[in-house]
Amino acid sequence: MLCLGLALSVTGVARAEIPRPPGWTPIFVDDFDGPAGSAPSAERWRVDLGHGYPGGPPNWGTQEIQRYTADPANLALDGEGHLLISPQRGPDGEWTSARIESVRDDFLAPAGGMLRIEARILMPGVSGQAALGYWPAFWALGRSYRETGAWPAAGEFDIMESVNGLDSVWGILHCDVNPGGACGEPHGIGASRACPGTPCPGHFHVYTFEWDRSVTPEELRWYVDGQLLNRIVQTQLPAATWRALTDQGG
């Protein structure tokens, strides 16, 4: 079972309706309606603060220098159906930003069915020197991480990662043990590609993850704008590792 997370920098432009693909049943949706400057729904999202989870690795385990806050300057709705996550640099040189996780952590592909996680995201149009150190992300993390703090055994599906303002997006699976293990940690099993049509920075794109249990063996698939980014088949991993990263016991 999974929880969802966002840690990125975005600006709001044209609003888009939430897609309702035929054959799918929505189980968690947020169109970020609300007054400008207000916080995202506390019933749906919890806000991570500071430089790490209590008792967890420093700097979130990924050497992040910014401090996460709930300040509207870092995290707020824009009043037009967008969530704004905005990095800020204070007069003392400190960087702040925002990171949120879904309160729900019971997302699971049903037996014989599929789970689809999708978001439409606009990353800032920065590149070159101005983008160095920039690392937005949209991911799903195994629920067991909240219970045990064991990473990467809990399983992590990075649906979208982009670094340093490059016109490229990564889809990555983290699993098993670090270093090494079945997923070759700390790098994981990943793939990258340029965004279709327009560059990744400065343009809206749709980032999608599918966990497909309607096929044998099961598959994990990543997409950007409907184009395949990465694909992992259940038989690529030991059975116990697969069960652990999908929180199906064992």
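Heads up: the structure comes first, above all this text.
All of the points below concern the structure found in this document. (Residues numbered from 1 in each chain as written. Predicted model: local features only at pLDDT ≥ 70, side-chain atom pairs only at ≥ 80, totals over all residues. Heavy atoms only, no water.)

### Topic: the overall build of the protein
Move 1: Tallying secondary structure elements over the protein gives 2 helices and 16 strands in all.
Move 2: In terms of its C-alpha atoms, the protein occupies a principal-axis envelope of roughly 50 × 40 × 35 Å.
Move 3: Burial statistics for the protein: of 250 residues in total, 44% are counted as buried.
Move 4: Long-range pairs, those at least 24 residues apart, make up 61% of the contacts in the protein between residues at least 6 apart in sequence.
Move 5: A total of about 11800 Å² of accessible surface is found on the protein, and carbon and sulfur atoms cover 54% of it.
Move 6: For the protein, the centre of its 17 positive side-chain charges and the centre of its 29 negative side-chain charges are spaced 3 Å apart. (Helix = DSSP H or I, 4+ residues; strand = E, 2+ residues; numbered from the N terminus. Buried < 20%, exposed > 50% of the residue type's maximum accessible area, 1.4 Å probe, protein only. Contact = heavy atoms within 4.5 Å. Areas by Shrake-Rupley, 256 points an atom, 1.4 Å probe, with all protein chains shown as cover. Lys, Arg positive; Asp, Glu negative; His and termini not counted. Charge placed at Lys NZ, Arg CZ, Asp CG, Glu CD.)

### Considerations on unusual backbone geometry
In terms of backbone geometry, most residues other than glycine have negative phi values and most peptide bonds are trans.
Move 1: In this structure, the amide linkage connecting Trp 151 to the following residue, Pro 152, adopts the cis form with an omega of 5°.
Move 2: Locating Pro 152 in the fold gives a position in the loop between α1 (144-148) and β11 (156-161).
Move 3: At the junction of Thr 216 and Pro 217, the peptide bond is cis and its omega measures out at 0° in the coordinates.
Move 4: Position of Pro 217 among the secondary structure elements: in the loop between β14 (204-212) and β15 (219-224).
Move 5: Look at Asn 59: it is not a glycine, yet its phi comes out positive at around 50°.
Move 6: Summarising the element assignment, Asn 59 is placed in the loop between β2 (45-48) and β3 (67-68).
Move 7: Accessibility expressed as a relative area gives 29% for Asn 59, which makes it partly exposed.
Move 8: One non-glycine residue, Gln 63, lies in positive phi territory at about 60°.
Move 9: Assignment of secondary structure puts Gln 63 in the loop between β2 and β3.

### Observations regarding the environment of Gly 79
Move 1: By the secondary structure assignment, Gly 79 is in the loop between β4 (75-77) and β5 (83-85).
Move 2: For the pair formed by Gly 79 and Pro 26, sequence separation is 53 residues and the distance between their alpha carbons is 23 Å.
Move 3: Residue contacts for Gly 79: discarding those within four places in its chain leaves Gly 34, Pro 35 and Ala 36.

### Things to note about the nonpolar core
Move 1: Counting residues in hydrophobic clusters, the biggest one holds 30 residues, and the most contacted among them are Val 169, Leu 173, Tyr 207, Phe 209 and Leu 220.
Move 2: Those elements that place two or more of their residues in this core are β9 (114-122), β10 (137-142), β11, β12 (169-174), β14, β15, β16 (227-233) and α2 (239-245).
Move 3: It is β9 that contributes the most residues to this core, 4 residues altogether.
Move 4: Setting aside anything within four residues of it in sequence, one finds Phe 209 in contact with Leu 115, Arg 116, Ile 117, Phe 157, Ile 159, Leu 220, Arg 221 and Trp 222. (Core = buried A, V, L, I, M, F, W, Y, C linked by side-chain atoms within 4.5 Å.)

### Brief notes about the environment of Trp 135
Move 1: Within the fold, Trp 135 resides in the loop between β9 and β10.
Move 2: The class of Trp 135 is partly exposed, set by a relative accessible area of 42%.
Move 3: Residues Trp 135 and Glu 118, spaced 17 residues apart in sequence, show a C-alpha to C-alpha distance of 19 Å.
Move 4: A distance of 2.5 Å separates the side chain of Trp 135 from the side chain of Glu 161, its partner in a polar contact. (Polar contact = N/O pair within 3.5 Å; in protein donor to acceptor, adjacent residues only side chain to side chain.)

### Digging into the packing of aromatic side chains
Move 1: Enumeration according to the criterion identifies 8 aromatic pairs in this entry.
Move 2: Measuring from centroid to centroid gives 5.0 Å for Tyr 53 and Trp 60, while their planes differ by 80°, and the two rings are edge-to-face. Take Tyr 53 and Trp 60: they sit in the same class, and that class is buried.
Move 3: Grouped by ring-pair contacts, the aromatic residues Phe 28, Phe 32, Trp 45 and Phe 107 constitute a single cluster.
Move 4: We note Arg 120 situated over the ring of Phe 204; from NZ or CZ to the ring centre the distance is 3.8 Å. (Phe/Tyr/Trp six-rings, centres within 6.5 Å; stacked < 30°, edge-to-face > 60°. Lys NZ or Arg CZ within 6 Å of the ring centre and 35° of its normal.)

### Here we look at the state of the cysteines
What we call a disulfide is simply a covalent bond connecting the sulfur atoms of a pair of cysteines.
Move 1: Inspection of every chain in the model, using the stated rule, returns 2 disulfides.
Move 2: Between the sulfur atoms of Cys 195 and its disulfide mate Cys 200 the distance is 2.0 Å. Judged by the torsion about the S-S bond (105°), the Cys 195/Cys 200 disulfide is right-handed.
Move 3: For Cys 195, a relative accessible area of 7% corresponds to the buried category. (Disulfide = S-S within 2.5 Å.)

Keep in mind that these numbers describe shape and distance, not what the molecule does.
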